[in-house]
Amino acid sequence: MSRIGKMPVVIPPGVDVETSFGYIKAKGPMGEADLYYNQGMTVKIEDGVLTVQRPDNKKQNKALHGLTRKLIFNLVTGVHEGFVKELQIVGVGYRATKQDNTLVLNLGYSHLVEMDDPEGVTTTVEGNNRILVRGINKQKVGQHAANIRKKRPPEPYKGKGIRYANETIKLKVGKAG
């Protein structure tokens, strides 16, 4: 049995989950989302607890068991609480601002970098150097945060650039003079 797959998903109060063959839909305070999963998996909802079961012990079904359970867990968590990625901008003169639905980054280039928020994801700027990426879809939030970070990744000598809030940069020693 998959360690992740056999764990039940507790449906929090305020979240409605509907399932049919190969499809699940969740509705909560943060919004609503849906998911198509492998039809070989069996999803049961009993007394506010959702469980995922696999048909047999074939290698592919074992792999899909844990994956399906985790995707459903992320779906339920997303509509209940949402997901947040925090980015920090480090460097003199580097800053971020928000104009309508566009994130404007000043990263030391000869031009400003403008990024539109994708559907279902919002970015907010706190101060000049802290960016919060929020949404109900974990994959979209992580991908947008990675795209923002890619505009100026932290460099290894002074640590300047965009980094995740919990990321540590191992700095290299500069040229000895």
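Preceding this paragraph is the structure being described.
Residues numbered from 1 in each chain as written. Predicted model: local features only at pLDDT ≥ 70, side-chain atom pairs only at ≥ 80, totals over all residues. Heavy atoms only, no water.

J.: For this particular structure, what's the right way to read the side chain of Asn61?
T.: Structurally, Asn61 is set in helix α1 (residues 59–80). A distance of 2.5 Å separates polar atoms of two side chains, one belonging to Asn61 and the other to Asp56. The contacts of Asn61, once residues within four sequence positions are left out, are Met41, Arg54, Pro55 and Asp56. (Helix = DSSP H or I, 4+ residues; strand = E, 2+ residues; numbered from the N terminus. Polar contact = N/O pair within 3.5 Å; in protein donor to acceptor, adjacent residues only side chain to side chain. Contact = heavy atoms within 4.5 Å.)

J.: Got a minute to help me understand helix α2 (residues 138–150) in this structure?
T.: Counting along an α-helix, one turn takes 3.6 residues, and residues three or four places apart therefore face a common direction. Compared with the 18 Å implied by 1.5 Å per residue over 13 residues, the 18 Å span of α2 between its first and last C-alpha is a close match. All of the buried residues in α2 are Val141, His144, Ala145 and Ile148. The buried residues of α2 occupy an angular sector of 100° when projected down its axis, which confines them to one face. Among the exposed residues of α2, those oriented more than 90 degrees off its buried face are Gln139 and Lys150. Of the surrounding secondary structure, the elements contacted by the buried residues of α2 are β7 (83–90), β9 (102–106), β10 (113–116), β11 (121–126), β12 (130–135) and β13 (161–164). Put simply, Asn137 is the residue that caps the front of α2, since its side-chain oxygen is 3.0 Å from the backbone nitrogen of Gln139. (Expected span 1.5 Å × (residues − 1). Buried < 20%, exposed > 50% of the residue type's maximum accessible area, 1.4 Å probe, protein only. Arc of directions from axis to C-beta.)

J.: What's the story with the pairing of strand β3 (residues 23–28) in this structure? I'm lost.
T.: Each regular strand displays side chains that alternate between the two surfaces of the sheet. Here β3 shows one buried face, formed by Ile24, Ala26 and Gly28, and one open face, formed by Tyr23, Lys25 and Lys27. The sheet contact formed by strand β2 (residues 16–20) and β3 spans 5 bridges and is antiparallel. Bridging across to β3, Thr19 finds its partner in Ile24. Taken together, β2 and the strand that follows it, β3, pair antiparallel across an intervening segment of 2 residues, in which Gly22 is found at a positive phi of about 80°. Relative to strand β4 (residues 31–36), β3 is paired through 6 bridges, and the arrangement is antiparallel. Looking at β4, one finds that Lys25 is bridged to Asp34. (Pairing = 2+ DSSP bridges.)

J.: What is the right way to look at the packing of aromatic side chains in this model?
T.: The relative placement of two aromatic rings is captured by the distance of their centres and the angle of their planes. As enumerated under the stated definition, the model contains 1 aromatic pair in all. Measuring from ring centre to ring centre gives 4.9 Å for Tyr23 and Tyr36, while their planes differ by 50°; the resulting arrangement is tilted. Pair noted here: Tyr23 is in strand β3 and Tyr36 is in strand β4, with a separation of 13 residues, a long-range link. If you follow Arg152 out to its NZ or CZ, it ends over the ring of Tyr109, 4.3 Å from the centre. (Phe/Tyr/Trp six-rings, centres within 6.5 Å; stacked < 30°, edge-to-face > 60°. Lys NZ or Arg CZ within 6 Å of the ring centre and 35° of its normal.)

J.: What is the right way to look at the sheet that holds β13 in this model?
T.: Strand pairing in a sheet is mediated by backbone hydrogen bonds. Such pairs are either parallel or antiparallel. Read from one edge of the open sheet, 4 strands run β11-β12-β7-β13, paired in antiparallel fashion. Single-partner strands in this sheet number two, and they are β11 and β13. The mean inter-strand angle of the sheet, taken between neighbouring strand axes irrespective of direction, is 25°. Alignment of β7 against β12, held across 6 bridges, turns out to be antiparallel. Within the sheet, the bridge partner assigned to Lys85 lies in β12 and is Val133. (Axes fitted to C-alpha atoms, helices over the stretch in contact; angles between N-to-C directions.)

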